[in-house]
Amino acid sequence: MKRIASAIVLVALSAGTAFAGAVTVRYHNGDSQKHTFEAVCSGSRSKLVTDGNTTGSYTIQGSGPCKVKHAGGEVELKGGEQLEIKNGKITVK
């Protein structure tokens, strides 16, 4: 019985750490074209890609805060933000 309990605790801890190193945001891309933004989290680079005229969520791997470059400069994301994309610029709502 102790082995089963230990295994359950180990799985639960593993699942929690799998999501600890990520920043998730919601977005609305009001532009008709697709956009690709460069994100840097904990020194790792990744791409944030949104299709035109879409709303969704995006998870950036790495621990926050993350910096995302866009046509209007750069935004810092910690997770949970609502983003509005218009003319290639990101606004945090």
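Please refer to the structure placed before this passage.
Residues numbered from 1 in each chain as written. Predicted model: local features only at pLDDT ≥ 70, side-chain atom pairs only at ≥ 80, totals over all residues. Heavy atoms only, no water.

Before going further, it helps to examine the state of the cysteines. A full pass over the atoms with the stated rule returns one disulfide. At a sulfur-sulfur separation of 1.8 Å, the disulfide partner of Cys-41 is Cys-66. Across the S-S bond of Cys-41 and Cys-66 the torsion is about 120°, and the bridge reads as right-handed. Here Cys-41 is found in strand E2 (residues 35-41), whereas its partner Cys-66 is found in strand E5 (residues 66-70), with 25 residues between them in sequence. (Disulfide = S-S within 2.5 Å. Helix = DSSP H or I, 4+ residues; strand = E, 2+ residues; numbered from the N terminus.)

The sheet built from four strands is open, its strands ordered E4-E1-E7-E8 with mixed pairing. The open sheet has two edge strands, strand E4 (54-61) and strand E8 (89-92), and neither has a second partner. On average, each strand axis in the sheet is tilted by 30° relative to the strand beside it, whichever way the strands run. (Pairing = 2+ DSSP bridges. Axes fitted to C-alpha atoms, helices over the stretch in contact; angles between N-to-C directions.)

Following the criterion strictly, the structure yields two salt bridges and no others. Glu-38 is the partner of Arg-45 in a salt bridge, and the nearest nitrogen-oxygen pair spans 2.4 Å. Looking at Arg-45, the relative accessible area reads 62%, which means it is exposed. The shortest N-O distance in the salt bridge between Glu-76 and Lys-67 comes to 3.0 Å. (Salt bridge = Lys/Arg side-chain N within 4 Å of Asp/Glu carboxyl O. Buried < 20%, exposed > 50% of the residue type's maximum accessible area, 1.4 Å probe, protein only.)

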